[in-house]
There are 2 protein chains.
Amino acid sequence: MTRRSTLGARNRGIPEATVARLPVYLRALHTLAERGIVTVSSEELAAAAGVNSAKLRKDLSHLGSYGTRGVGYEVQYLVYQISRELGLTQDWSVAIVGLGNLGRALAGYGGFASRGFRMSALLDADPAIVGERINGLTVEHIDKLEQVIADCGISIAVLAVPASAAQPVCDRVVASGVTSILNFAPVVLTVPDGVDVRKVDLSIELQILAFHEQRKAGGPAGVEQEYLEAVDGS
Amino acid sequence: MTRRSTLGARNRGIPEATVARLPVYLRALHTLAERGIVTVSSEELAAAAGVNSAKLRKDLSHLGSYGTRGVGYEVQYLVYQISRELGLTQDWSVAIVGLGNLGRALAGYGGFASRGFRMSALLDADPAIVGERINGLTVEHIDKLEQVIADCGISIAVLAVPASAAQPVCDRVVASGVTSILNFAPVVLTVPDGVDVRKVDLSIELQILAFHEQRKAGGPAGVEQEYLEAVDGS
DNA sequence: AAGCCTTTGTGAACGCATGCACAAAGTCGG
DNA sequence: CCGACTTTGTGCATGCGTTCACAAAGGCTT
Ligand SMILES: NC(=O)c1ccc[n+]([C@@H]2O[C@H](COP(=O)([O-])OP(=O)(O)OC[C@H]3O[C@@H](n4cnc5c(N)ncnc54)[C@H](O)[C@@H]3O)[C@@H](O)[C@H]2O)c1
Ligand SMILES: NC(=O)c1ccc[n+]([C@@H]2O[C@H](COP(=O)([O-])OP(=O)(O)OC[C@H]3O[C@@H](n4cnc5c(N)ncnc54)[C@H](O)[C@@H]3O)[C@@H](O)[C@H]2O)c1
């Protein structure tokens, strides 16, 4: 007796918006599991994840028919299915390039390991940083990049280098075989087809908040007059 | 002669997707300005920002008619208009709550000040951290939250506290008058209407990358068999 | 065994975002 | 001053994502 419906459902094409929410559901499910909860309805899980329950059900329906009508979803089983879909049943080796303020914080963070991401390599160009031990790992010189990536089987790299170094470093990690990049530098990276880039830009987040904040306070006040003052001339 | 078209255009309702891209355009424009470039076409700016040029033009058209046909956009003028729309012609005071690994990195980052965000207050609950000086600021005890927020006129808070503390801390900063929150803790925050929350979740970013990475390698391999093994029983 | 009750999975409608393609607008050389 | 050329601003079509609403499905009680 196989539990998963063999027909339909598994489209092979999961919408990007759904993929972005699966980790949120997964986190909510883990929290429920810790509390010993065995079964959860779409309504409850949606509330825990902060989304509409119809959206949740549609999202899950892309993975298969894993619920039971009149009951809900079995927490553990759903955890497994989402994990599998996201590729978290295997561990991923990750390299961090740039061990400055931000890189250090990331390297020392425990929340990655618990989700199947192992920080396997730390790389920096600064001789003063190379050799340092952070969270049990030794920082290697960036010249060993190719070697380290091959040795550790790394396919995901985190870039925490200055903006000016980001594209060159990106080119190198891509040339070394990395096909997924998480970029913290405030630049638009150019990569070949087949390489995924996701960016995290904290300044942008603050600017978006500022926009809405300004709206609450009555919208942008500036008129033409102000520009002339601002540029201080003409 | 006023430069900005007085009619239409300024809808007061800028699409959220556009708002999220304006900071990217702004960054590209700053880079161009540094190189001494005075005028830029939508095609060039779009390339620098990594978007489609039609999208760029439509985005900018929401702010007004700031281009010149046959020529393009004046870099400085566009910088000013976007800055004004985003609310960056004024400075914003920001509080950081939680000065652990991540909070420290943020507090020490220079890229915020240059975009009009001043880190005005650092708050933590740990007596060992309170009193410490980071980047010229003294870490205050979380008990002074209300007072500090009022004194510094803070409306934006960054939460870099553990997941378990995030909601309580959130409630407190909201009660103190903060109406915009940037949250790094991996939890869904509940806030009253009128308060904006943006989340940055690095684990989620990695999980999304893992999903696509797995796809490149041939899709999720698991079948029912594997679940039974995984739960190790039954 | 039958009917009631709960909850899923999805069809359909709607709204937002994207990108093409082009007319209108403006520049610039002659 | 004119005509050719460039580039903007936008109408329109298309596709994606969200939400409502409900029939079908399954469990549970009697
Ligand atoms: N710190 C923050 O809170 C923060 C916030 C937003 C964005 N960022 C961005 O994240 C990136 C890192 O920020 P940070 O504060 O850690 O900067 P940082 O200057 O403290 O660290 C950068 C590190 O990269 C290393 N590096 C430089 N060039 C390199 C190269 N070619 N190869 C390998 N390593 C190299 C440096 O030696 C340094 O250790 C920057 O692009 C920054 O704009 C940081
Ligand atoms: N460090 C990372 O790279 C990273 C990555 C992803 C997510 N996060 C998330 O960011 C948050 C912070 O991460 P971190 O690594 O800096 O953690 P951390 O434990 O190093 O720092 C947390 C800080 O918050 C303070 N704190 C705890 N309770 C508080 C309270 N009630 N009021 C005020 N301060 C309080 C602690 O004293 C500590 O200084 C966590 O939620 C974490 O899950 C961190």
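Residues numbered from 1 in each chain as written. Chains lettered and ligands numbered in written order. Predicted model: local features only at pLDDT ≥ 70, side-chain atom pairs only at ≥ 80, totals over all residues. Heavy atoms only, no water.

1. Some points on the relation of the copies chain A and chain B
Mapping between the two copies of the chain is achieved by a rotation about an axis and a shift along the axis. Placing chain A over chain B gives an RMSD of 0.0 Å and needs a rotation angle of 180°, together with 0.0 Å of translation along the axis. Those values place the two copies in the arrangement expected of a two-fold rotation axis. In this assembly, 99% of the residues forming the interface of chain A have copies in chain B that are likewise at the interface, indicating an isologous arrangement. (Least-squares fit on C-alpha atoms with pLDDT ≥ 70 in both. Contact = heavy atoms within 4.5 Å.)

2. Considering the interface of chain A and chain B
Chain A puts 78 residues into the contact, and the matching count from chain B is 78 residues. Overall, the association of chain A and chain B removes approximately 6900 Å² of surface from exposure, summing both partners, and the carbon and sulfur fraction of that is 62%. The partner of Glu85(B) in a salt bridge is Arg215(A), with the nearest N and O atoms 2.9 Å apart. At the junction of chain A with chain B, the criterion picks out 26 residue pairs in polar contact (both at pLDDT 80 or more). Ranked by residue count, the leading element in the side of chain A that touches chain B is helix α8 (residues 202-216) of chain A, at 15 residues. Residues of the side of chain A that touches chain B, tallied by class, amount to 41 nonpolar, 18 polar and 19 charged. (Buried area = accessible area lost by both parts, 1.4 Å probe. Salt bridge = Lys/Arg side-chain N within 4 Å of Asp/Glu carboxyl O. Polar contact = N/O pair within 3.5 Å; in protein donor to acceptor, adjacent residues only side chain to side chain. Helix = DSSP H or I, 4+ residues; strand = E, 2+ residues; numbered from the N terminus. Nonpolar A, V, L, I, M, F, W, Y, C, P; charged D, E, K, R; others polar.)

3. Topic: the site of ligand 1
Around ligand 1, the structure places 25 residues, and the nearest of them are Asn101(A), Leu102(A), Asp124(A), Val161(A) and Tyr109(B). Those chains with residues close to ligand 1 are chains A and B. Take Leu102(A): an N or O atom from its main chain is 2.8 Å from an oxygen atom of ligand 1. Measuring from an oxygen atom of ligand 1, one finds a backbone N or O atom of Val161(A) at 2.6 Å. Protein chains shield 81% of the accessible area of ligand 1, which is 820 Å² for the free molecule. Of all the secondary-structure elements, those providing two or more residues to the shell around ligand 1 are α5 (101-107) and α7 (163-175) of chain A together with α5 (101-107) of chain B. Per element, the largest residue contribution to the shell around ligand 1 is three residues, and it comes from α7(A). (Near = heavy atom within 4 Å. Areas by Shrake-Rupley, 256 points an atom, 1.4 Å probe, with all protein chains shown as cover.)

4. Description of the protein's contact with DNA strand C
Near DNA strand C, the surroundings consist of 26 residues, among which Ser42(A), Arg57(A), Tyr73(A), Lys58(B) and Arg69(B) are the closest. Close to the protein, within 4 Å, the atoms of DNA strand C are drawn from sugar and phosphate at a rate of 65%. Separating a sugar or linking oxygen of DNA strand C from a backbone N or O atom of Gly70(A) is a distance of 3.0 Å. Looking at the surface near DNA strand C, the elements that each hand over two or more residues are α3 (53-61), β2 (67-68) and β3 (72-74) of chain A together with α1 (16-34) and α3 (53-61) of chain B. With four residues, the single largest contributor to the surface near DNA strand C is α3(B). Among the residues making up the surface near DNA strand C, the classes are represented as seven nonpolar, ten polar and nine charged.

5. A short note on the protein's contact with DNA strand D
Residues in close proximity to DNA strand D total 25 residues, the closest being Arg69(A), Ser42(B), Arg57(B), Arg69(B) and Tyr73(B). A breakdown of the atoms of DNA strand D within 4 Å of the protein gives sugar and phosphate a share of 66%. At 2.9 Å, a side-chain N or O of Arg21(A) approaches a phosphate oxygen of DNA strand D. The separation between a base oxygen of DNA strand D and a polar side-chain atom of Arg69(B) is 2.9 Å. Going through the elements one at a time, α1 (16-34) and α3 of chain A together with α3, β2 (67-68) and β3 (72-74) of chain B are the ones with two or more residues in the surface near DNA strand D. Among the elements that take part in the surface near DNA strand D, α3(A) stands out by supplying four residues, more than any other. A breakdown of the residues in the surface near DNA strand D according to their chemical character gives seven nonpolar, ten polar and eight charged.

6. Considerations on the site of ligand 2
Around ligand 2, a shell composed of 25 residues is seen, among which Tyr109(A), Asn101(B), Leu102(B), Asp124(B) and Val161(B) lie nearest. In this structure ligand 2 sits where residues from chains A and B come together. At a separation of 3.3 Å, a nitrogen atom of ligand 2 approaches a polar backbone atom of Ala125(B). Compared with its free state, where it exposes 810 Å², ligand 2 has 81% of that area covered by protein.

7. Some words on the packing of aromatic side chains
For the coordinates displayed, the defined rule picks out four aromatic pairs over all chains. For the pair Tyr66(A) and Tyr77(A), a centre-to-centre distance of 5.6 Å together with 85° between the ring planes defines the contact as edge-to-face. On the criterion of sequence distance, the pair formed by Tyr66(A) in the loop between α3 and β2 and Tyr77(A) in helix α4 (residues 75-86) is long-range, its members being eleven residues apart. Residue classification places Tyr66(A) among the buried residues on the basis of a relative accessible area of 8%. For Tyr77(A), a relative accessible area of 2% puts it in the buried group. Between Tyr109(B) and Phe112(B), the aromatic rings sit 4.8 Å apart at their centres with planes inclined by 80°, giving edge-to-face as the arrangement. On the basis of relative accessibility, which here comes to 37%, the residue Tyr109(B) falls in the partly exposed class. (Phe/Tyr/Trp six-rings, centres within 6.5 Å; stacked < 30°, edge-to-face > 60°. Buried < 20%, exposed > 50% of the residue type's maximum accessible area, 1.4 Å probe, protein only.)

8. Considering the domain arrangement of chain A
Here the domain parsing of chain A yields domain 1 (16-86) and domain 2 (92-204). With centres defined by C-alpha atoms, the gap from domain 1 of chain A to domain 2 of chain A works out at 31 Å. (Domains from an automatic or database assignment.)

9. Describing the packing of α4(A) against helix α8 (residues 202-216) of chain B
The geometry of α4(A) relative to α8(B) is characterised by a closest axis approach of 7 Å and an angle of 65° between their N-to-C directions. It follows that α4(A) is roughly perpendicular to α8(B) by the angle criterion. Counting all contacts with α4(A), which are made through Arg84(A), Glu85(A) and Leu86(A), the residues of α8(B) involved are Gln207(B), Ala210(B), Phe211(B), Gln214(B) and Arg215(B). In terms of residue class, the contact of α4(A) with α8(B) is made up of three nonpolar, two polar and three charged. (Axes fitted to C-alpha atoms, helices over the stretch in contact; angles between N-to-C directions. Parallel < 35°, antiparallel > 145°, perpendicular 65-115°, else oblique.)

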